[in-house]
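Inside the fold
Chain by chain, the residues run as shown.
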Amino acid sequence: MIEFSHITKTYNSDTPEAYTALNNISFSIDEGEFVAIMGPSGSGKSTLMHILGCLDTPTSGTYTLDGKDVSTMSDDELADIRKDKIGFVFQSFNLLSRTTVLRNVMLPLVYAGVPLEERHARATASLIAAGLTESHFYHLSNQLSGGQIQRVAIARALVNDPALILADEPTGNLDSRTSLVVLGTLQKLNREHGRTIILITHEPDIAEHANRIIRIRDGEIVSDEKSRSPRDAIGETKLYDNAV
Ligand SMILES: Nc1ncnc2c1ncn2[C@@H]1O[C@H](COP(=O)(O)OP(=O)(O)OP(=O)(O)O)[C@@H](O)[C@H]1O
Ligand SMILES: [Mg+2]
């Protein structure tokens, strides 16, 4: 699904402040994998995610996504790829405060020109897939817990039915129990719905829930290991009882 070949990203190239955040990175990720990308602050994780998510292009190297070379695409072409294939979950997800959960999730579809009835049906399905129940659909963000807000973020990432979900520190602001709920949601989407998931984190006990861990440091890969027995967040928490 993903093929990174000799990807380098240099910020402010051609200036004295030039900084190489990713240095000659190569790896591939198959459809249906659950991969954690780990590394200390400043190691290039978000830079990597922005390129993976077609939010930015590399300075050199080739990125092939589903057989297409996306490394030299224009901004408009990248936007189309994102709309079709990719869902994003960020660390601090701000719900529109005076807007219900359901409308927050429907919003990307408004921009995509999807008719109301279909927006409603798809947002409902995404919220249920992210582990929320209908009793939450008309809540405002100040009526939700941190974990519920992150589940809404996951629902919003799912609403365009993406094959690839990219999550940058999605548990960064959460206590450990709530983090497990969010990880369980991601594991369920991976195992039962076949979504490819790339999770960025600097916490080892979060990364242990993935089936593979890629570690980066100073913009280079230092290890890439498959895990035979990833931790099971679904089993670890009894909180997660809303079936997908
Ligand atoms: N737009 C930019 N312009 C210049 N330098 C940048 C830019 N974005 C990131 N950098 C630099 O690139 C390096 C990697 O940044 P990046 O945000 O990818 O790190 P990170 O691993 O995500 O860190 P954190 O764990 O703190 O989020 C850092 O040294 C950062 O200062
Ligand atoms: Mg970052």
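Residues numbered from 1 in each chain as written. Chains lettered and ligands numbered in written order. Predicted model: local features only at pLDDT ≥ 70, side-chain atom pairs only at ≥ 80, totals over all residues.

**Topic: the overall build of the protein**
Using the following cut-off: Helix numbers and strand numbers start at the N terminus; a helix is a DSSP run of H or I with at least 4 residues, a strand a run of E with at least 2. C-alpha atoms define the radius of gyration in this analysis, and the globule rule sets the expected value at 2.2 Å times the number of residues to the power 0.38. Residue burial here comes from a neighbour count, namely the number of other C-beta atoms, placed from the backbone, that lie within 10 Å of the residue's own C-beta, with 20 or more meaning buried, 12 or fewer meaning exposed, and in between meaning partly exposed. Note on contacts: each residue gets a C-beta atom placed from the backbone, and two residues are in contact if those atoms are within 7 Å.
Tallying secondary structure elements over the protein gives eight helices and ten strands in all. Against the globule reference of 18 Å for 244 residues, the protein gives a C-alpha radius of gyration of 18 Å, in line with a compact fold. A principal-axis box enclosing the C-alpha atoms of the protein has dimensions of 55 × 40 × 35 Å. Burial status across the protein gives 41% buried among its 244 residues. Here the contacts in the protein between residues at least 6 apart in sequence split such that 69% fall between residues at least 24 apart.

**Focus: the sheet that holds strand S5 (residues 68–69)**
Note the threshold: Strand pairing is assigned whenever DSSP detects at least two bridges linking the two strands. A fitted line through C-alpha atoms serves as each axis, taken over the contacting stretch for helices, and the angle formed by two N-to-C directions is quoted from 0 to 180°.
Strand order in the open sheet formed by four strands is S2-S1-S4-S5, and the pairing between neighbours is antiparallel. Sheet topology places strand S2 (19–29) and S5 at the edges, where each strand pairs with a single neighbour. Across seven bridges, strand S1 (residues 2–11) lies against S2 in antiparallel orientation. Bridge pairing in S2 places phenylalanine 4 opposite phenylalanine 27. Along the sheet, helix H1 (residues 45–52) contacts S1, S2 and strand S4 (60–65); its crossing angle with S1, the most-contacted strand, is approximately 125°.

**So, the nonpolar core**
Applicable threshold: In this usage, the nonpolar core is the set of buried Ala, Val, Leu, Ile, Met, Phe, Trp, Tyr and Cys residues whose C-beta atoms join them within 7 Å.
Within the largest apolar cluster, 64 residues are counted, with the highest numbers of intra-cluster contacts made by Ile37, Val105 and Ala155. Top element by residues in this core is helix H5 (residues 146–158). It accounts for seven residues. With near-sequence residues (within four places) excluded, alanine 155 lies in contact with Val105, Ser126, Leu127, Ala130 and Leu132.

**Observations concerning H1**
Here H1 lies mainly inside the structure; six of its eight residues are buried. For H1, the full list of buried residues reads Lys45, Thr47, Leu48, Met49, Ile51 and Leu52.

**Structural notes on the site of ligand 1**
Defined as follows: Contact assignment follows one rule, namely that a residue is near a molecule or strand if its backbone-placed C-beta atom lies within 6 Å of it.
Near ligand 1, the surroundings consist of 13 residues, among which Tyr11, Ser41, Lys45, Ser46 and Thr47 are the closest. Looking at the shell around ligand 1, the elements that each hand over two or more residues are S2 and H1. Tallying contributions element by element places H1 first for the shell around ligand 1, with three residues.

**Comments concerning the pairing of strand S7 (residues 164–168)**
Just so we agree on the cut-off: Classification remark: right-handed applies to a crossover when, strands pointing away from the viewer, the course from the first strand over the helix to the second runs clockwise.
Counted residue by residue, S7 has five buried out of five residues, so it is predominantly covered. The pairing of strand S6 (residues 86–89) with S7 spans four bridges and is classified as parallel. Paired with isoleucine 86 across the two strands is leucine 164, which belongs to S7. Bridge count for S7 against strand S8 (residues 196–201) is five bridges, and the pairing is parallel. Counterpart to aspartate 168 in the pairing with S8 is isoleucine 200. For the segment spanning S7, helix H6 (residues 176–193) and S8, crossover handedness is right-handed.

**Let's talk about the packing of helix H3 (residues 101–111) against helix H4 (residues 116–129)**
The relative placement of two packed helices is expressed as an angle between their axes plus a distance between the axes. Put simply, the test is: The scheme is simple: roughly parallel for angles under 35 degrees, roughly antiparallel for over 145, roughly perpendicular for 65 to 115, oblique for anything else. Should the near helix be turned counterclockwise from the far one by less than a right angle, the crossing is left-handed, whereas a clockwise turn marks it as right-handed.
Packing of H3 against H4 leaves a shortest axis separation of 9 Å and a crossing angle of 120°. Overall, the two elements H3 and H4 adopt an arrangement that is oblique. Every pair of crossing elements has a handedness; the one defined by H3 and H4 is right-handed. Where H3 abuts H4, its residues Val101, Leu102, Val105, Met106, Leu109 and Val110 lie against Arg119, His120, Arg122, Ala123, Ser126 and Leu127.

**Points about H5**
Applicable threshold: The length a helix should cover is 1.5 Å for every residue beyond the first.
The end-to-end C-alpha distance of H5 is 19 Å, a good match for the 18 Å that 13 residues give at a rise of 1.5 Å each. Counting buried residues along H5, twelve of its 13 residues qualify, which places the element largely inside the surrounding structure. Among the residues of H5, Gly147, Gln148, Ile149, Gln150, Arg151, Val152, Ala153, Ile154, Ala155, Arg156, Ala157 and Leu158 are the ones counted as buried. The inward-facing, buried residues of H5 abut S6, H3, H4, S7 and H6.

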